[in-house]
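Tertiary structure, described
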Amino acid sequence: MKKIIIVIILGFLYSGIPVFLPAEEAASREKPPEVAELIRDLGSSEPSERFRARALLAGMGEEVGPPLLAALESGDREAVGCLLEVLAFIRYRPAAAAAEKIWQETDSVPLKLQAAQALCRFDHNYNRYQGYILSQVRSGKEEDRMPAMQMLGYIGDRRVVEPLVQIFNDAGLSDPIRQAAIWDLAHTPVRESAEALVEMVNSPEIEWFYKEIVIAALRRLAGQGDMAPIVSELLERSQGLPER
């Protein structure tokens, strides 16, 4: 049975993963608008405009950090969440002080989660802010628990792997939360995530319901960066196959 699982996963790994989605290809051919215009669109009432602005700004990298930070410090309430999201994505560490100020002053849990996730990506008082997100998963209001899980999946740091495994192994948590932990591992492209997911696949104590999700998560993880050889190596080693 374990060998069948491994064959399925290895088949997924070598089946080919598309580099661009159609929407991304179209966006890449467009003439990019001015940065100021994109920052303005982050506060748009139209979700499609906000999504497009976030994607284009994130693709520009660290060079858009200064104007994004200036907009964040200006106190634009409509765009603050999106500004934090893009600054976190590009890991613009000079924004840490502004993000921390928002975390301290806001009463909005979703905004505090967004700021905490950004501060983790900036590696600013990492344990404190990861701890805050985890506290919302375990003891926050019901409506805040899944957003907190989403933030854990955006951190992209090896230090998040151990608590995610603990969440998955906690039978007292809901199935959606435990499933989210698997997907968060799939979105954390480090060796530790691959090791955790492969261990789940090989564990006889984990139900097929979860193993099917883990198989899909391994394929997702293998499609990121240089993770495919790592995932393949761990799967082959777990079956005692000869090294290449």
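Residues numbered from 1 in each chain as written. Predicted model: local features only at pLDDT ≥ 70, side-chain atom pairs only at ≥ 80, totals over all residues. Heavy atoms only, no water.

Concerning the side chain of E100
For the record, the criterion: Under the scheme used here, helices are H or I runs from DSSP no shorter than 4 residues and strands are E runs no shorter than 2 residues, and both carry numbers assigned from the N terminus. Any pair of residues with heavy atoms lying within 4.5 Å of one another is described as a contacting pair.
Within the element layout of this structure, E100 appears in helix α7 (residues 96-105). If we ignore the near neighbours within four places in the chain, the residues touching E100 are L119, H124, N125, R128 and Y129.

Let's talk about the pattern of salt bridges
To keep it simple, the criterion reads: For this document, the term salt bridge refers to a Lys or Arg side-chain nitrogen within 4 Å of an Asp or Glu carboxyl oxygen.
By the definition in use, this model includes ten salt bridges. Across the pair E85 and R54 runs a salt bridge whose closest N-O atoms are separated by 3.3 Å. In this pair, E85 is assigned in helix α6 (residues 80-89) and R54 in helix α4 (residues 47-60), connecting sequence segments 31 residues apart. Here R191 ties to E195 by a salt bridge, and the two come within 3.3 Å at their closest N and O atoms.

Some details on the confidence of the model for the chain
Going by this rule: The predictor attaches a confidence to each residue, and that confidence, scored 0 to 100, is pLDDT.
Residues at a pLDDT of 70 or more form 84% of the chain, whose mean pLDDT is 87. Every residue in residues 7-28 is under pLDDT 50, and counting partners more than four places away or in other chains gives 24 contacts.

With respect to helix α5 (residues 65-73)
We apply this condition: Remark: exposure states derive from per-residue accessible area (1.4 Å probe, protein chains only) relative to the maximum for the residue type, with buried under 20%, exposed over 50%, and partly exposed in between. By construction, the arc corresponds to the directions joining the helix axis to the C-beta atoms.
Along α5, the positions that sit buried rather than exposed are G65, L68, L69, A71 and L72. Down the axis of α5, the smallest arc covering the buried residues is 160°, so these residues share one side. Looking at the residues trailing α5, positive phi occurs at G75, about 85°.

Comments concerning the packing of aromatic side chains
Applied cut-off: The criterion for an aromatic pair is that two Phe, Tyr or Trp rings (for Trp, the six-membered ring) have centres within 6.5 Å, with stacked assigned to planes under 30 degrees apart, edge-to-face to planes over 60 apart and tilted to the rest.
Counted by the stated rule, this structure contains four aromatic pairs. Summarising the aromatic geometry, the rings of W103 and Y129 are spaced 5.1 Å apart at their centres and angled 85° between planes, so their arrangement reads as edge-to-face. Taken together, the residues W103 in helix α7 and Y129 in helix α9 (residues 126-139) connect sequence positions 26 residues apart. As far as burial versus exposure is concerned, W103 and Y129 are alike and both buried. Their ring planes at 90° and their centres at 5.3 Å tell us that F168 and Y210 sit as a pair that is edge-to-face. Pair noted here: F168 is in helix α11 (residues 161-169) and Y210 is in helix α14 (residues 208-222), with a separation of 42 residues, a long-range link. In this structure F168 comes out as buried when scored by relative accessible area, which is 1%.

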